[in-house]
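In case you want the letters, here they are:
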Amino acid sequence: MDFGATDYSFGEDCGVFGMYDLSGGDVATTIYYGLYALQHRGQESAGIAVTNTFDDVDKVFCHKDLGRVNKVFNEENISRLKGNLGVGHVRYSTAGASTRENSQPLVLAYIKGTLVLAHNGNLTNAPKLRRELAMGGAIFQTTTDSETIAYHIARERIHSKTAQEATVKALRKVQGSYSLVVASPRKLIGARDPWGFRPLVIGKLDNAYIITSETCALETINAEFVRDVLPGEVVTISSDGKIESNLELALPENKTARCIFEYIYFCRPDTTFDGMSVTKSRIIAGKILAKTHPVEADLVVGVPESGNMAAVGYSMESGIPYGIAFTKNTYVGRTFIKPKQSSRVKSVQVKLNALREVVAGKKIIIIDDSIVRGTTSNQIVEMLRNAGAKEIHMRVSAPPFYHPCYFGIDIPDENQLIANGRTVEEICKIIGADSLGYLPLEALKEMSGGLPICDACFSGNYPIAPPNEDIRGEFDK
Ligand code: AMP
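Report on the accompanying structure. (Residues numbered from 1 in each chain as written. Predicted model: local features only at pLDDT ≥ 70, side-chain atom pairs only at ≥ 80, totals over all residues. Heavy atoms only, no water.)

### Re the sheet that holds strand E7 (residues 176-184)
Spatial ordering of the open sheet is given by E5-E6-E7-E8-E12-E13, a layout of six strands whose pairing is antiparallel. At either margin of the open sheet sits one strand with a lone partner, and together these are strand E5 (106-110) and strand E13 (243-246). Each neighbouring strand pair of the sheet contributes to a mean axis angle of 20 degrees, computed without reference to strand direction. Where E5 lies against strand E6 (residues 113-123), five bridges are found, and the strand directions are antiparallel. For Leu108, the partnering residue across the bridge sits in E6 and is Leu115. (Pairing = 2+ DSSP bridges. Helix = DSSP H or I, 4+ residues; strand = E, 2+ residues; numbered from the N terminus. Axes fitted to C-alpha atoms, helices over the stretch in contact; angles between N-to-C directions.)

### A word on the packing of helix H4 (residues 126-135) against helix H5 (residues 146-158)
The contact between H4 and H5 brings their axes to 10 Å, and the two run at 50 degrees. When the axes of H4 and H5 are compared, the pair comes out oblique. Of the two elements, H4 crosses H5, and the hand of that crossing is left-handed. Note on element contacts: H5 touches H4 through Glu147, Thr148, Tyr151, His152 and Arg155, opposite Ala126, Leu129, Arg130 and Leu133. Each residue belonging to the contact of H4 with H5 can be placed in one class, and the counts come to four nonpolar, two polar and three charged. (Parallel < 35°, antiparallel > 145°, perpendicular 65-115°, else oblique. Left-handed = near helix turned anticlockwise from the far one by under 90°. Contact = heavy atoms within 4.5 Å. Nonpolar A, V, L, I, M, F, W, Y, C, P; charged D, E, K, R; others polar.)

### A few points about H4
Along H4, the residues classified as buried are Ala126, Pro127, Leu129, Arg130 and Leu133. Along the long axis of H4, the arc covered by the buried residues comes to 160 degrees, so they all point the same way. The inward-facing, buried residues of H4 abut E6, H5 and helix H6 (163-173). Just downstream of H4 lies Gly137, where phi reads positive at about 100 degrees. (Buried < 20%, exposed > 50% of the residue type's maximum accessible area, 1.4 Å probe, protein only. Arc of directions from axis to C-beta.)

### Focus on the nonpolar core
Counting 47 residues, the largest nonpolar core has Phe261, Ile264 and Phe458 as its most contacted members. Dropping the residues within four chain positions of it, Ile264 is found in contact with Arg282, Asp369, Ser397, Ala398, Leu444, Met447 and Phe458. In this structure, Val301, Ile364, Cys428 and Leu436 belong to the second largest nonpolar core, which totals 28 residues. (Core = buried A, V, L, I, M, F, W, Y, C linked by side-chain atoms within 4.5 Å.)

### Here we look at H5
Each α-helix winds once per 3.6 residues, and so residues spaced three or four apart point in a common direction. With 11 of 13 residues buried, H5 lies mostly within the body of the structure. Buried within H5 we find Ser146, Glu147, Thr148, Ile149, Ala150, Tyr151, His152, Ile153, Ala154, Glu156 and Arg157. If you follow the buried residues of H5, they end up packed against E5, E6, H4, H6 and E7.

### A look at the pairing of E7
In terms of residue burial, E7 counts as a mostly covered element, since nine of its nine residues are buried. Of the strand pairs in this sheet, E6 and E7 are connected by eight bridges, and their pairing is antiparallel. Bridge assignment links Asn122 to a residue of E7, and that residue is Ser177. The pairing of E7 with strand E8 (residues 187-192) spans six bridges and is antiparallel. By the bridge assignment, Val181 is partnered in E8 with Gly190. With antiparallel pairing between neighbouring strands as the criterion, E7 and E8 make up a hairpin whose turn holds two residues.

### Quick look at the sheet that holds strand E21 (residues 363-368)
The five strands are arranged E18-E17-E21-E22-E23 in an open sheet whose pairing can be described as parallel. Every other strand in the sheet has two partners, leaving strand E18 (322-323) and strand E23 (435-438) as the edge strands with one partner each. Sheet analysis places strand E17 (residues 299-302) next to E18, joined by two bridges and oriented parallel. If you follow Val301 over to E18, its bridge partner there is Gly323.

### So, the packing of aromatic side chains
For the structure shown, the criterion picks out 15 aromatic pairs. What links up through ring pairs into an aromatic cluster is the set Trp195, Phe197, Tyr406, Phe407 and Tyr462. Sitting over the ring of Phe140, Arg130 keeps its end group 4.1 Å from the ring centre. (Phe/Tyr/Trp six-rings, centres within 6.5 Å; stacked < 30°, edge-to-face > 60°. Lys NZ or Arg CZ within 6 Å of the ring centre and 35° of its normal.)

### Some remarks on unusual backbone geometry
The residue after Gln104, namely Pro105, is reached through a cis peptide bond having omega 10 degrees. Within the secondary structure, Pro105 sits in the loop between strand E4 (85-91) and E5. A positive phi angle, near 50 degrees, is found at Asp206, a position not held by glycine. Assignment of secondary structure puts Asp206 in the loop between strand E9 (201-205) and strand E10 (208-212). We classify Asp206 as exposed; its relative accessible area is 68%. Not every positive phi belongs to a glycine, and Asp274 is a case in point at roughly 50 degrees. The topology assignment puts Asp274 in the loop between strand E15 (272-273) and strand E16 (276-277).

### Quick notes on the packing of H5 against H6
For the pair H5 and H6, interaxial distance at closest approach is 8 Å and the crossing angle is 130 degrees. On the basis of the axis angle, H5 is oblique to H6. Relative to H6, the crossing made by H5 is right-handed. Residues Ile149, His152, Ile153, Glu156 and Arg157 of H5 lie in contact with H6, whose contacting residues are Ala163, Ala166, Thr167, Lys169, Ala170, Leu171 and Lys173. Among the residues forming the contact of H5 with H6, the class breakdown is six nonpolar, two polar and four charged.

Written out as structure tokens, the structure reads:
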């Protein structure tokens, strides 16, 4: 189900959108629409920073604040963002508190000019790096892990010929997940960590280049997709329009580890992540569920929105008709929902209502993308029962969650995960369904079209050793 981030102590961090118009046109409005398309990646804060590469590049115009894109920006403040090179960001925090200071892009004045940075991901060695920098006299403006990257780039720049070289050197020091967009005075730089946890793509619109989190943002602004930034790649777009690539940080392909939860939940269904359509991926998961957990029923329905495509796949494979069983109140603001258990329960009820006409007297297969604490499933099953469903068979298009994530998905403590220490039968009983079936772990690889993935939250197999200190909320102590 899509609750968005603020009602939840579990979420992923951020969407980035950088744009460089080589002809000199203003980019802020296009970045704004790009961020709109990335809103699902973070609703806590939004920001845009721009410079004019034909003028005084040290002059950066920046507007950022807490709230969603349409709350933070208006015609008036966008019109003040004059410049042809810019970076935008929407944030959901997993490290660092949700405050205005922590909103991005980060704008840093340093010896070579101005550096603007937007980060999606979570660094696993950020506390250590930060302590080292602080011991060297650094004064931090934020409590985010992203600032440590910006500082390191700034430091390395002093001894590097180019901003790209400085970025590569800085990124050698950081560990964990990052998809970054950096505007150094006259260059747009994109970087993806060697494991490729988070997506990052390059697009083109007339004489402008874009580096952004998801292909859906390119489609929204009518830009053409150029290519994915590769895991471990640093790309630099200069004023002559050349895309320079640096692969010094890249790992062998079999060591890469795309976050499978991007396919399961985070990415928008119209996004293609490393060549694999997210919709296709979810349909595949639904088809596999139909094969591995068949059941006789009258109707297959999804929990809107993220369960819908898997429900379509289940229906295609099983031949059981697909239906729409819920009406969704699209006017429910995400921000009013408090991250307390009691409010969370209410938020499910406020957001969805079951359609009695569709479900009454029927055997229903209901598909959601994941069960975390079990709150949603419990409510959904109850709703369907109250609406007269005869049988309710819950299917989940992900395996059970057992382990914490250190790479950007802020999964709650293990003891809050419903699957922890329980059998599927026990979970089924708690949520009140007639049967329950999860996607088998082995099926995940098919969801990414065979690309290497990170499934540590389900399997416990971490592609990088987990940090030996708790990085969650570390900077706010
Ligand atoms: P729970 O109610 O705790 O079991 O959470 C499961 C529900 O939360 C499912 O409907 C998911 O679609 C949804 N969900 C999963 N991940 C997230 C996330 N990061 N932010 C908000 N909702 C999520």
